[in-house]
Amino acid sequence: MLGIDDPQIWVVYILCVVSAIGCMIYGALNWNKGNEEEDVK
Amino acid sequence: MVLNTPLLGITVLIYLMTIFYLGWLGYKKTKAIDDYMVAGRNIHPYILALSYGATFISTSAIIGFGGAAGALGMGLLWLALMNIVVGIFIAFVIFGSRTRKMGKNLDAVTFPELLGRRFDSRFIQGFSGILIGIFMPLYTGIVLIGGARFVETTLGVDYNVALMMLTIIVAAYVITGGLIAVMYTDALQGTLMLVGMSFLLIFTYIKLGGIVEAHHALTEISYLVPESLAKGGHMGWTAMPAFGSPIWWNLISTLVLGVGIGVLAQPQLVVRFMTAKDDRALNRAVFVGGPFILLMTGVAFTVGALSNAYFFKEKGMISLAVAGGNTDLIIPEFINSAMPEMFVVLFMLVLLAAAMSTLSSQYHTMGTAIGHDFYRQYLKKGNISHTVDITKIGIALTILVSVVLAYILPISIIAPATAIFFGLCAAAFLPMYIGALFWKRMTKEGAIASMLVGTFSSLFWLAFVHAKEAASLGISQAIFGKDTLLTGTWTVIDPIMVATPVAIITGIAVSLFTRPMGREHLEKCFKNMK
């Protein structure tokens with residue numbers, strides 16, 4: 001996979017990219033959440 | 001690699017002028033103590049994310065660890081994964097949100113103050129402050145030496161002049177502009193790092209004919225691993241070291257766990273959560289932070305490993321041989337020979353930015369730890385005003401100390417400083433910090449016991465067992481006549497795997513045997529928290 005034989009390496013290579021994209025998805029989904037909640041209460 | 005071209009000179013000049021402008025902006029915006037200490041608790045999410053990332057990633061993360069990947073291979077990507085998942089996602093989403101709310105509830109402006117007020121103990125604040133004040137200058141010393149050596153070689157400036165220049169420039173904007181100046185300049189430096197590392201990745205893959213081709217070329221040359229490394233368990237640059245071998249233990253325990261988890265309790269990073277206005281800012285920062293770290297450590301480790309394929313193709317040698325056995329030279333050698341000159345200039349700036357962004361935050365954190373936490377709150381019991389002035393004096397003093405240390409201490413003591421500081425934070429602060437945020441039953445006594453046991457067990461492990469630091473420090477040798485008290489696998493196991501669990505158990509046990517903290521106090525701490 002990806003020119004790498006050892007699964008422990010290509011898995012982590014993919015996981016790094018996926019986790020960074022995951023951060024972006026989380027950020028995008030929660031873009032407007034958690035806005036000034038203290039003032040509301 | 002002296003690169004004394006007019007182009008570089010002009011670029012550095014423009015860079016410094018922008019830094020001064022941002023520093024001045026910070027100075028102008030600083031009106032109250034909250035501005036100076038926690039950037040008015042109202043920082044922009046983009047600045048927050050880049051400032052956190054740029055502080056997190058120093059020059060050594062790129063050059064040092066990138067070079068380590070050049071020697072050890074892509075197994076280091078597990079650390080990059082930890083950096084993203086733990087250092088960004090868990091840090092911001094799980095720790096960040098609660099830290100921000102509790103910081104606001106307790107009106108805390110530093111990490112020691114947050115812990116001290118949560119457990120209603122001035123001792124915790126003072127002890128944490130002094131711990132940071134003693135050990136952080138050592139850690140700063142190594143960043144400072146690295147930065148100055150780098151300016152010396154690239155700009156051809158005398159080492160002493162470079163050291164002074166770097167100190168004075170960074171000190172000027174940290175002391176006058178406080179955390180706002182630190183974070184604004186961090187954001188600029190982070191942006192530069194982002195651009196530089198993206199180019200580095202793209203150029204490297206292009207040079208080697210594409211992603212799969214590059215990795216394939218690297219897999220093909222695994223027979224070139226030097227015999228000494230192969231004996232330690234090295235199985236090629238695109239393979240993990242043999243399970244249980246010394247290199248495997250070193251990789252997993254020190255790099256992945258030590259640096260990967262240790263990051264959660266770094267005072268200079270924790271304080272940034274308190275600069276966010278609301279959870280929305282933290283969520284948005286995750287959007288930027290994840291890809292930022294991927295492009296820093298992920299790229300450095302991949303490119304470091306791939307440099308072997310490049311050097312083999314061009315010179316028929318592996319990176320370690322090209323760098324004369326010094327892993328710190330692998331990345332610079334690779335950039336110099338593989339990248340276009342324009343890029344070399346940009347990359348010089350990236351490295352300067354990486355050093356300055358880490359330095360500025362260290363100065364701010366250790367200065368506030370001594371000036372605010374230890375002197376004002378602990379010694380003077382909070383009974384003096386002019387806090388910003390005291391903090392400024394604290395910063396100036398600790399800067400002076402770290403410069404003096406950088407001069408007088410032998411490199412054998414300065415070199416392990418990063419590991420010592422990370423180990424200490426993970427053992428002394430992390431258990432108590434987790435308890436502070438998530439476990440209402442943790443008591444003041446439990447927190448103090450965990451902090452003291454964590455501090456001393458981690459220092460003991462570093463000085464007497466963990467071979468890398470113990471041999472370098474020479475304390476064990478002086479007292480017992482041998483480098484380490486234990487032998488075998490113990491000597492490669494990082495303190496975080498020993499001292500931190502011991503501190504956690506102590507914290508839990510002592511808390512369960514002591515009286516819970518008052519309900520009113522807890523309600524105040526956990527106001528608006530689920």
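See above for the structure.
Since we're looking at a predicted model, the values are computed, not measured.

How each quantity is defined
Residues numbered from 1 in each chain as written. Chains lettered and ligands numbered in written order. Predicted model: local features only at pLDDT ≥ 70, side-chain atom pairs only at ≥ 80, totals over all residues. Heavy atoms only, no water. Helix = DSSP H or I, 4+ residues; strand = E, 2+ residues; numbered from the N terminus. Buried < 20%, exposed > 50% of the residue type's maximum accessible area, 1.4 Å probe, protein only. Areas by Shrake-Rupley, 256 points an atom, 1.4 Å probe, with all protein chains shown as cover. Phe/Tyr/Trp six-rings, centres within 6.5 Å; stacked < 30°, edge-to-face > 60°. Core = buried A, V, L, I, M, F, W, Y, C linked by side-chain atoms within 4.5 Å. Domains from an automatic or database assignment. Contact = heavy atoms within 4.5 Å. Axes fitted to C-alpha atoms, helices over the stretch in contact; angles between N-to-C directions. Parallel < 35°, antiparallel > 145°, perpendicular 65-115°, else oblique. Nonpolar A, V, L, I, M, F, W, Y, C, P; charged D, E, K, R; others polar. Buried area = accessible area lost by both parts, 1.4 Å probe. Salt bridge = Lys/Arg side-chain N within 4 Å of Asp/Glu carboxyl O. Polar contact = N/O pair within 3.5 Å; in protein donor to acceptor, adjacent residues only side chain to side chain.

### With respect to the overall build of chain A
At step 1: Per the secondary structure count, chain A includes two helices and zero strands.
At step 2: Relative to its 41 residues, chain A shows a buried fraction of 37%.
At step 3: For chain A, the exposed surface amounts to about 2,400 Å²; the carbon and sulfur share of it is 69%.

### Thoughts on the packing of aromatic side chains
Aromatic ring pairs: the centre-centre distance and the angle between the two ring planes describe each pair.
Residue and element names in this part refer to chain B.
At step 1: The tally for this structure, following the rule as stated, stands at 27 aromatic pairs over all chains.
At step 2: Aromatic side chains F203 and F343 sit 5.7 Å apart centroid to centroid with 75° between the ring planes, which places their arrangement in the edge-to-face category. Taken together, the residues F203 in helix α8 (residues 159-207) and F343 in helix α16 (residues 341-379) connect sequence positions 140 residues apart.
At step 3: Classification of F203 as partly exposed rests on a relative accessible area of 27%.
At step 4: Members of the aromatic cluster, connected to one another through ring pairs, are F95, F111, F429, Y433 and F438.

### Here we look at the nonpolar core
Residues and elements named next belong to chain B.
At step 1: Ranked by size, the top nonpolar core spans 187 residues in total, and within it L200, F347, M356, F429 and Y433 carry the most contacts.
At step 2: For this core, the two domains that each supply at least three residues are domain 1 (6-407) and domain 2 (410-530).
At step 3: The contacts of Y433, once residues within four sequence positions are left out, are F95, T99, F111, L114, L115, L264, V270 and F273.

### Some remarks on the packing of helix α6 (residues 111-118) of chain B against α16 of chain B
Residue and element names in this part refer to chain B.
At step 1: Relative to each other, α6 and α16 sit at 45°, their axes nearing to 9 Å. Comparing the axis directions of α6 and α16 gives the class oblique. For the pair formed by α6 and α16, the contact residues are P112, E113 and R117 on the first element and H372, D373 and Q377 on the second.
At step 2: Looking at the contact of α6 with α16, its residues break down into one nonpolar, two polar and three charged.

### Let's talk about the interface of chain A and chain B
At step 1: Contacts between the two partners involve 29 residues from chain A and, on the opposite side, 36 residues from chain B.
At step 2: When chain A packs against chain B, close to 3,000 Å² is buried across both sides, 65% of that on carbon and sulfur atoms.
At step 3: For the interface between chain A and chain B, the tally reads zero salt bridges.
At step 4: Our count for the contact surface shared by chain A and chain B stands at 13 residue pairs in polar contact (both at pLDDT 80 or more).

### Considering the side chain of S307 of chain B
Residue and element names in this part refer to chain B.
At step 1: Within the fold, S307 resides in helix α13 (residues 279-315).
At step 2: Accessibility expressed as a relative area gives 1% for S307, which makes it buried.
At step 3: Each residue touching S307, except ones within four places of it in the same chain, is listed here: S319, I330 and F334.

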